[in-house]
Amino acid sequence: MPLVKINGKQFESSWEEAIEKASQGLQKVVQKWGPDSVGFIGSTHCSNEDNYLLMRLARDVVKTGNIDTNNRLTYFPILDAFHECLGTGSSTATLKQVAEADFILVAGADLSGTCPQGASRILEALNRKAELAVVDPRATKLAKLATYHLKVYPSTDLYWINGMISHLIDEGKVGADFIGAKTAGYNQMRKELAGSSLSLAESMSGISAELLKLVSEHLVEAEKAVIVIGSGLTDTQDIKRVARGLINLALVTGHVGKEGSGILMVGGNNNTQGAWDMGAVPDRLAGAMSTNKSTQETYGDRKSGSLIGKDYLGILNGVVSGEVRALYVMGEDLLTFTHFRNGLQEALVNLELLVVQDLFPTELTKLASVVFPASAPYESSGTYANLERRVQRFDPILEPWRDTKADWEILSAVSQSMGADFRFKNVSEVTDDIASLISSYRGITSANLNKAIEGITWPPKEDGHPGEPWLQDGWKGKFSTALPEEGDRLETSEEYPLLLIPGRLSSFWDTGTRSSRINFLAREEIRSAIHLNPEDAKSSGVKGGWRVRVISPLGRLETAVVITEELPKGLAYLPIHKIDGDLQQLSKRSVPVRVEAF
Amino acid sequence: MQAIIQKEDIHEIVEGLSLDKEVIAPVLLPDGEALYSPIKRSDRVSLDSSHIPIMSAKEFFFGSEEELFQFERTSSQDIKITPAAEPKDRVFLGIRSCDLKGVRFLQNFFEKPYNDETVTRKIEKTVFISLGCVAPAEHCFCVCCDGGPFLVEGADAQLVDLEDRFFCETFTSRGEEIFSHHQNLLKPAQAEDWKKKSATIEKVDQRFTQRSYMAVGVKETSMNTVPEKVWEVLENRCMSCGSCTYVCPTCSCFNVFDRSTPEGGIRIRTWDSCSYSGFTREVSGHNPREHTRDRLKRRFFHKLSYQCLRSNGRIGCVGCGRCVVSCPAFVDMSTFVTLLRQAKSEKTNG
């Protein structure tokens, strides 16, 4: 049953009452404070249809651009970089290309834990005697199988990337024909990299110049090569800048837009790509359409709200500052996802309206004015776009649990109740509406998806076409500025001798709203723990299994210790699935810390 | 009994059986894969041996999640226990040789020393009509494991595909009884049928492309001489997903827990997996098989070593090849044996 808050207490209500309360609450805030006083948080766990209707509620009904997801802090900037530099906001290859590559460079991705299908394709390539280079500070399983393990010091990615590029330029090993025919901005980039070198790369990143030289040469010489970007790169620096650097590397080595080649982003969630495509972002419209005049017309009269809205942190900051007075959240527990804590909880309580749609009660639903119980993916249907930009349909295998509704259904009802001019009877109609509005999804209709069991890779050439696995003729790459900046490299000190890097465990997913409820998964690994190298544990005076205090300049937390030899000395690893403390920004960024026994 | 049945007549037999028994048979899914499934209508049955069902027959006897009994507190002193319902009479039509060998393996495991009747009663109440494999799948290697492709015992009856007709032979009185109600559909096997059956059996052997030389595996695990290098490679590949153990016809690791109900509770057993670190972690936190390598050693030792072979009466692999298909990381039985042979030849060659 939905819940509505009356006089500060939540009571069960009918669906009609809850929908009315949410829509009237939104209307009241819009009338009083304007559309930009409302914020929307979408979810990269939810389907295309769910995110699409959230976008339409925000942009078409409330008329604000304040919409984003927490992937703004991780993967969205990478997709933005792809969009700006390669003209397509997505990976440019499929996993099949990975299996067929001769050389694979994996940067910051523990694929065995976070994307088994990706790891599987790499193992397949290794069986074919492909070479694998893994850039990771940790000795992950994949790093142990790799031909080259580049043990990078976190936060120094642009040094090794630019070191490799300038080495190839200096040696005249870049593919001049490819650069001339398919790219722009090469000379500008070359000038900008004047200060880069292998020796600087070695001194900053800790990877030997010899190894960087070898790997860069094998990469450029390989006939088919793939670069895989993972969540490891999202922890530090300016994510978009690092992504641009890797795109420069892919372009300079000529590994884009060819069979068996490309650059892939392995996101942490099932529908990172789809949520971005659907326009659950503040600075672009659905299908990555720009917010210029002509697209304004597609979206109707925009006078009442901003086209470019606040991003994820902007919305949360707005909640704290009082600028955002109503918040609509789909499928995220803002309070467990602790990159942002200070004052947020109090500010959420003081909102004029907080609407939350989720599968289970969370810390956030406790504060909500309206809680809509959403049905789970296995109880509903819709589509997801995977990391290959392949759109696949999913269907229910269970009846919806008690009185729950699919996210898209709730959003459709709230929009209707606010006088929206769209109406959807079933999820297929939403899928078809997406296909009619978003040009890259044209042809990805429910009828065509029903015929394509393996899905359709966007953009299909024509109706019924399965889509192309790599970038086709007509694309053009753009080199862009990607330079390391003063202060990028995070330093430890005597007071804070360990660099703590955030990460993921294979048994949990995000905040664990779902995964921690599954006994078999929950028993596999400790959800909240700091991982330490044996020597660091010894010098910190702690042992495996102990409860300890982790202190950084930004705050502190209490957690358990896990000892692992996978980590080099000087680094600590913290899974982000549950963080018991208030280290501000800790869950998404590396930070120097010290560890103390109680 | 040996007789010939025309293929289309199988439907009539199935319809007859469905009247008073549960019939389980392979069915084809829309995506072209096959699955063993309880059936009500005979037209769903697919007795085409080129599609090996995705899952083994295990789940019908040792359920992926099954009720063992219910309990209810009736007074402060007493608890009333209600055992799970007695299984129905069943006919398992079209079970592959390897899968039936797997069922017999489980029967042996669950029978002794304590008879776990939730499993064994289901096996006892099932009549098995196996389907000889004339078209093995790419990953099959039952020929190397005494797992098939044809049976000479262990089933109640066996069908061998002679293109337009089945050669049907019964091994037990229960098997004979099934067909005795359909004498009108049976024709005595002629010399030509016998000949064709023998030729089919002979020809099938050449269709197995995958040869896994299991003797090497048995020897090296029994003597504890598997090179550490092999374990290292497998450990770094394995993602501990457990899919090999779920699809394996002989894997029997399980977990037991209670689910509460308003009246009391239900004791439930689910599949578990030796691939999971949580499977062997003790209450103290100590885990005798903490690392993936330890768990893999356990798994392959339990499948192949002489010590286990002796207590199980056969090796723990029936060669169905499902781990080869399901493993995302090339840590399957075939690869294990291949890696062992490679390591051995490297050693011999220098």
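Please read these numbers as outputs of a predicted model, since none were measured by experiment.

### Side note on the overall build of chain B
Here's step 1: Within chain B one finds 13 helices and twelve strands.
Here's step 2: Compactness check: chain B gives a C-alpha radius of gyration of 22 Å against a globular reference of 20 Å for 350 residues, within 12% of the reference.
Here's step 3: When each of the 350 residues of chain B is scored for burial, the buried share is 38%.
Here's step 4: At a minimum sequence separation of 6, the contacts of chain B that also span at least 24 residues come to 70%.

### Details of the overall build of chain A
Here's step 1: Broken down by element type, chain A carries 22 helices and 23 strands.
Here's step 2: Computed over the C-alpha atoms, the radius of gyration of chain A is 24 Å, within 12% of the 25 Å expected from 2.2 N^0.38 for a compact globule of 598 residues.
Here's step 3: Each of the three principal axes of chain A carries a C-alpha extent, and together these read 70 × 65 × 45 Å.
Here's step 4: Contacts in chain A between residues at least 24 apart in sequence constitute 74% of all its contacts with a sequence separation of at least 6.

### Observations regarding the sheet that holds strand 12 (residues 353–358) of chain A
Residues and elements named next belong to chain A.
Here's step 1: Strand order in the open sheet formed by seven strands is 2-1-13-12-11-3-4, and the pairing between neighbours is mixed. Looking along the sheet, the strands with just one partner apiece sit at the ends: strand 2 (9–12) and strand 4 (67–68).
Here's step 2: Note: strand 3 (residues 38–41) against strand 4, two bridges, orientation parallel. Of the residues in strand 4, the one forming a bridge with Phe40 is Ile67.

### Notes on the interface of chain B and chain A
Here's step 1: Facing the twelve residues of chain B at the interface are 16 residues of chain A.
Here's step 2: Of all elements in the fold, only helix 7 (228–237) and helix 9 (277–280) of chain B reach the threshold of two or more residues within the side of chain B that touches chain A.
Here's step 3: For the side of chain B that touches chain A, the per-class residue count stands at six nonpolar, four polar and two charged.

### Remarks on the environment of Val29(A)
Residues and elements named next belong to chain A.
Here's step 1: In this fold, Val29 is placed in helix 1 (residues 15–33).
Here's step 2: Here the alpha-carbon distance between Val29 and Val324, two residues 295 residues apart in the chain, equals 9.6 Å.
Here's step 3: Val29 has contacts with Ser37, Val38, Arg325, Ala326, Glu352 and Leu353, leaving out every residue within four places of it along the chain.

### Side note on the domain arrangement of chain A
Here's step 1: Each domain of chain A was delimited in the assignment, giving domain 1 (3–74 + 275–457), domain 2 (76–265) and domain 3 (498–597).
Here's step 2: Each of domain 1 of chain A and domain 3 of chain A has a C-alpha centre, and the two are 32 Å apart.

### Digging into helix 19 (residues 427–437) of chain A
All names here are of chain A.
Here's step 1: Regarding helix 19, the residues found buried are Val427, Val430, Thr431, Ile434 and Ala435. Summarising the axial view, the buried residues of helix 19 lie within an arc of 140°, below the 170-degree limit, and thus occupy one face.
Here's step 2: Where helix 19 is buried, its residues contact helix 2 (48–62), strand 14 (382–385), helix 18 (407–417) and helix 20 (446–451).

### Considerations on the nonpolar core
Residues and elements named next belong to chain A.
Here's step 1: Grouped together as the largest cluster of nonpolar side chains are 225 residues, with contacts concentrated most on Ile104, Ile229 and Leu246.
Here's step 2: Looking at which element gives the most residues to this core, the answer is helix 13 (residues 239–252), with nine residues.
Here's step 3: Residues contacting Ile229, with those up to four places away along its chain left out, are Ile78, Ala107, Gly108, Ala243, Leu246, Ile263, Leu264, Met265 and Val266.
Here's step 4: Counting residues in each nonpolar core, the second largest holds 22 residues, with Leu499, Val548, Val550 and Val593 among its members.

### Regarding the domain arrangement of chain B
Residue and element names in this part refer to chain B.
Here's step 1: If you check the domain split of chain B, you get domain 1 (2–205) and domain 2 (214–348).
Here's step 2: Each of domain 1 and domain 2 has a C-alpha centre, and the two are 26 Å apart.
Here's step 3: Contact residues are listed per partner, giving 33 residues for domain 1 and 27 residues for domain 2.
Here's step 4: Looking at the side of domain 1 that touches domain 2, the elements that each hand over two or more residues are strand 4 (65–73) and helix 2 (97–111).
Here's step 5: With nine residues, strand 4 is the largest single contributor of residues to the side of domain 1 that touches domain 2.
Here's step 6: In terms of residue class, the side of domain 1 that touches domain 2 is built from 17 nonpolar, seven polar and nine charged.

### Brief notes about the sheet that holds strand 16 (residues 456–457) of chain A
Residue and element names in this part refer to chain A.
Here's step 1: Read across the sheet, three strands follow the order 14-15-16 without closing on themselves; strand pairing throughout is antiparallel. Across the chains shown, the open sheet's two edge strands, defined by having one partner strand only, are strand 14 and strand 16.
Here's step 2: For strand 15 (residues 390–394) and strand 16, the ladder comprises two bridges, and the chain directions are antiparallel. In the strand pairing of strand 16, Val391 is matched with Ile456.

### So, the packing of helix 8 (residues 157–170) of chain A against helix 11 (residues 198–205) of chain A
All names here are of chain A.
Here's step 1: Put simply, helix 8 and helix 11 touch, their axes get as near as 8 Å, and they point 165° apart. The angle between helix 8 and helix 11 falls in the class roughly antiparallel. In the crossing of helix 8 with helix 11, the sense of the turn from one axis to the other is left-handed. Facing helix 8, whose interface residues are Tyr159, Trp160, Gly163 and His167, helix 11 presents Leu198, Leu200, Ala201, Met204 and Ser205.
Here's step 2: Of the residues assigned to the contact of helix 8 with helix 11, the class counts are six nonpolar, three polar and no charged.

### Quick notes on unusual backbone geometry
Residues and elements named next belong to chain A.
Here's step 1: Residue Trp458 is joined to Pro459 through a cis peptide bond whose omega torsion reads -5°.
Here's step 2: Even without being glycine, Arg402 reaches a positive phi, approximately 40°.
Here's step 3: You can see Arg402 is positioned in the loop between strand 15 and helix 18.

### Quick word on the packing of helix 2 of chain A against helix 19 of chain A
Residues and elements named next belong to chain A.
Here's step 1: Interhelical geometry of helix 2 versus helix 19 gives an angle of 70° and a closest axis separation of 10 Å. Between helix 2 and helix 19, the angle is such that the two are roughly perpendicular. Where helix 2 crosses over helix 19, the handedness of that crossing is left-handed. For the pair helix 2 and helix 19, contact is made by Asn48, Glu49, Tyr52 and Leu53 and by Val427, Val430, Thr431 and Ile434, respectively.

### Thoughts on the pairing of strand 19 (residues 529–532) of chain A
Residues and elements named next belong to chain A.
Here's step 1: Burial of the side chains of strand 19 extends over both faces: Ala529 and His531 are buried on one face and Ile530 and Leu532 on the other.
Here's step 2: As judged from the four bridges shared by strand 19 and strand 21 (residues 555–563), these two strands associate in the parallel manner. Looking at strand 21, one finds that Ile530 is bridged to Val561.
Here's step 3: Pairing of strand 19 with strand 22 (residues 571–575), which is carried by two bridges, proceeds in the antiparallel orientation.

### Concerning the environment of Lys297(B)
Here's step 1: Examined against the element boundaries, Lys297(B) turns out to sit in helix 10 (residues 292–304).
Here's step 2: Considered as a pair, Lys297(B) and Phe179(B) are 118 residues apart in the sequence and their alpha carbons are 46 Å apart.

### A closer look at the pairing of strand 3 (residues 34–39) of chain B
Residue and element names in this part refer to chain B.
Here's step 1: Of the strand pairs in this sheet, strand 2 (residues 22–28) and strand 3 are connected by six bridges, and their pairing is antiparallel. Of the residues in strand 3, the one forming a bridge with Val27 is Leu35.
Here's step 2: Hairpin connection, strand 2 to strand 3: the antiparallel pair is bridged by five residues, and Gly32 has positive phi, about 95°.

### What to know about helix 6 (residues 116–127) of chain A
Residue and element names in this part refer to chain A.
Here's step 1: Its twelve residues place the ends of helix 6 16 Å apart at the C-alpha level, agreeing with the 16 Å of an ideal helix rising 1.5 Å per residue.
Here's step 2: Buried within helix 6 are the following residues: Gly118, Ala119, Ser120, Arg121, Ile122, Leu123 and Ala125.
Here's step 3: Just beyond helix 6, the residue with positive phi is Lys129, at close to 70°.

### Notes on the environment of Leu567(A)
Residue and element names in this part refer to chain A.
Here's step 1: Inspection of the secondary structure assignment puts Leu567 in the loop between strand 21 and strand 22.
Here's step 2: Along the sequence, Leu567 and Asp536 sit 31 residues apart, while their C-alpha atoms lie 9.9 Å from each other.
Here's step 3: Contacts of Leu567, omitting those with residues within four sequence positions, involve Arg138, His531, Leu532, Asn533 and Tyr573.

How each quantity is defined
- Residues numbered from 1 in each chain as written.
- Chains lettered and ligands numbered in written order.
- Predicted model: local features only at pLDDT ≥ 70, side-chain atom pairs only at ≥ 80, totals over all residues.
- Helix = DSSP H or I, 4+ residues; strand = E, 2+ residues; numbered from the N terminus.
- Rg over C-alpha atoms; globule rule 2.2 N^0.38 Å.
- Buried ≥ 20, exposed ≤ 12 C-beta atoms within 10 Å, placed from the backbone.
- Contact = placed C-beta atoms within 7 Å.
- Pairing = 2+ DSSP bridges.
- Nonpolar A, V, L, I, M, F, W, Y, C, P; charged D, E, K, R; others polar.
- Domains from an automatic or database assignment.
- Arc of directions from axis to C-beta.
- Core = buried A, V, L, I, M, F, W, Y, C linked by C-beta atoms within 7 Å.
- Axes fitted to C-alpha atoms, helices over the stretch in contact; angles between N-to-C directions.
- Parallel < 35°, antiparallel > 145°, perpendicular 65-115°, else oblique.
- Left-handed = near helix turned anticlockwise from the far one by under 90°.
- Expected span 1.5 Å × (residues − 1).

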